[in-house]
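# Per-entry structural report
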Amino acid sequence: MDDSLTSVTLSNGLHMPSVGLGTWQSPKDEVRVAVRAALDAGYRHIDTVYTDLNEDAIGEVLQEYIKSGKVKREELFIVTKLPMIHMEPTLVKRSIELSLKKLQLDFVDLYLIHFPVALSYDGDDENTFPRTEDGKWKIAEKSDLLETWKAMEELVDLGLTKSLGVSNFSISQVERICKIAKHKPVTNQVECHIYWPQNELFEACKKLGVTITAYAPIGSPGRPDRIKKEDDPIAMEEPIIQKIAKKYGKTPAQVLLRNLLQRGMIVIPKSVTPERIQSNIKVFDFNLTKEEMDEIGGINVKRSFFNFMGNMCENHQERPF
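Residues numbered from 1 in each chain as written. Predicted model: local features only at pLDDT ≥ 70, side-chain atom pairs only at ≥ 80, totals over all residues. Heavy atoms only, no water.

## Examining the overall build of the protein
For the protein, the count of helices and strands is eleven helices and ten strands. Against the compact-globule benchmark of 20 Å for 321 residues, the protein has a radius of gyration of 19 Å, which places it among compact chains. In terms of its C-alpha atoms, the protein occupies a principal-axis envelope of roughly 55 × 50 × 35 Å. Counting every position in the protein, which comprises 321 residues, the buried fraction comes to 55%. Contacts in the protein between residues at least 24 apart in sequence constitute 75% of all its contacts with a sequence separation of at least 6. Counting only carbon and sulfur atoms, one obtains 49% of the accessible surface of the protein, whose full area is about 14,500 Å². (Helix = DSSP H or I, 4+ residues; strand = E, 2+ residues; numbered from the N terminus. Rg over C-alpha atoms; globule rule 2.2 N^0.38 Å. Buried < 20%, exposed > 50% of the residue type's maximum accessible area, 1.4 Å probe, protein only. Contact = heavy atoms within 4.5 Å. Areas by Shrake-Rupley, 256 points an atom, 1.4 Å probe, with all protein chains shown as cover.)

## Observations regarding the state of the cysteines
In this structure the tally under the stated criterion is zero disulfides. Just so you know, Cys192 is unpaired, no disulfide at all, and the nearest cysteine sulfur is the one on Cys205, 11 Å from it. Judged by relative accessible area, which is 0%, Cys192 ranks as buried. As a non-bridged cysteine, Cys205 has Cys178 as the owner of its nearest cysteine sulfur, 7.7 Å distant. (Disulfide = S-S within 2.5 Å.)

## Focus on the pairing of strand β5 (residues 77-82)
Moving residue by residue along a regular strand, the side chains alternate between the two faces of the sheet. Burial analysis of β5 places six of its six residues in the buried class, which makes it a mostly covered element. Bridge count between strand β4 (residues 45-47) and β5: three bridges; the pairing is parallel. Bridge pairing links Ile46 to Ile78 in β5. The parallel pair β4 and β5 is bridged by helix α2 (residues 55-67), and the resulting crossover is right-handed. (Pairing = 2+ DSSP bridges. Right-handed = clockwise from strand over helix to strand, strands pointing away.)

## Examining helix α1 (residues 28-41)
Counted at 1.5 Å a residue, the expected span for α1 with its 14 residues is 20 Å, and the 20 Å between its end C-alpha atoms agrees. Every buried residue of α1 is accounted for by Val31, Arg32, Ala34, Val35, Ala37, Ala38 and Leu39. Elements in contact with the buried residues of α1: β3 (20-22), β4, α2 and α9 (274-280). Note on α1: the residue one or two positions beyond its end, Gly42, has a positive phi of about 105°. (Expected span 1.5 Å × (residues − 1).)

## Topic: the sheet that holds β4
With respect to topology, eight strands assemble into an open sheet ordered β3-β4-β5-β6-β7-β8-β9-β10, the strand pairing being parallel. Of all the strands in the sheet, just β3 and β10 (266-267) have a single pairing partner and so form its edges. Note that strand β8 (residues 187-191) and strand β9 (residues 211-215) share five bridges and pair parallel. Across the sheet, residue Gln189 finds its bridge partner in β9, namely Thr213.

## Let's talk about helix α5 (residues 171-180)
Every buried residue of α5 is listed here: Gln173, Val174, Ile177 and Cys178. Taken down its axis, α5 places every buried residue within 135° of arc, on the same side. Contact partners of the buried residues in α5: α4 (145-157), β7 (164-167), β8 and α6 (199-207). (Arc of directions from axis to C-beta.)

## Focus: the pattern of salt bridges
The full count for this structure, using the stated rule, is 21 salt bridges. Residues Glu75 and Arg44 are paired through a salt bridge, measuring 3.9 Å at the closest nitrogen-oxygen approach. Pair noted here: Glu75 is in the loop between α2 and β5 and Arg44 is in the loop between α1 and β4, with a separation of 31 residues, a long-range link. On the basis of relative accessible area, Arg44 is assigned to the partly exposed category, the value being 22%. Here Asp225 and Lys228 are joined by a salt bridge, their closest N and O atoms 3.9 Å apart. (Salt bridge = Lys/Arg side-chain N within 4 Å of Asp/Glu carboxyl O.)

## Structural notes on unusual backbone geometry
Although it is not a glycine, Gln25 sits at a positive phi angle of roughly 55°. Position of Gln25 relative to the elements: it lies in the loop between β3 and α1. The exposure class assigned to Gln25 is partly exposed, which follows from its relative accessible area of 37%. Even without glycine at this site, Ala216 takes up a positive phi of about 60°. Relative to the elements of secondary structure, Ala216 occurs in the loop between β9 and α7 (239-248). Since its relative accessible area comes to 11%, Ala216 is described here as buried.

## A short note on the side chain of Glu55
Of note, Glu55 is situated in helix α2. Each residue touching Glu55, except ones within four places of it in the same chain, is listed here: Thr48, Val49, Tyr50, Thr80, Ser99, Lys102 and Leu103.

## So, the pairing of β9
Burial runs high along β9: five of the five residues are buried. The side-chain alternation of β9 yields two buried faces, one formed by Thr211, Thr213 and Tyr215 and the other by Ile212 and Ala214. A crossover connection joins β8 to the parallel β9 through α6; in handedness this β-α-β unit is right-handed. In this structure, β9 lies alongside β10, joined through two bridges in parallel fashion. Across the sheet, Ala214 pairs through a bridge with Val267, a residue of β10.

See below:
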């Protein structure tokens, strides 16, 4: 892998591997297989999330590989997220401690605010998306993003995380955090793919020294049926992508990932299939031309597959989209 795109230098000087394993909604048995396959394939960046309640399974595999000497802790870049039910500042430190205990780690490399809207906490740490009677998210009575951020900053000072970031934040929300931050967010993890390229957000974050981490970078083909629509386009079947893949002898998924990497983003494709996991990191031995990048950028279908999250908190002042 001789490619300058294998890692991204964050604003705090740390290096973040540009391809990570996404573990969203992966059941425990499947995620164990996935993390082993990823580490064996050379991944060192694993993206996890409290709300999936699978951090303990991921932690088992990390410890297995660290204790056997297959990987060193300092080679790994582990990401997890503050759940929406723990955004009350007094809950933040306890929340990361819960994650660290499950992951069997002393610190994570990056800790993100999962979503800018706080949900009501009923004392049950596993009721991660409490609902109202009409099925919407049960919103916390009061919340303050900036106060949550200040509580996050204490985690860096305590050595519980090396970096901080956000996820699903709008331009104005990232700007507000950056204005008051002692420890600035190093990334904004958002949905990003050929149908939702996030051009404006990418440029705005770049000016602030904030990278973009793309989730659903190959169009989230495995997303739940409940959020799929019949007319949803399929990124891997896009004719331009298939044409370029054929030219380079690559898979459509590899072309989709390479496109985002060449734009300067970090990608976290989710998979639990060892063959696909191995394939998704083989993206450093070819280059898309400027013409091909422009051709991909010119795809005029625009579609977000995760905008339902905004609908779950439609009247909230911090609704990001």
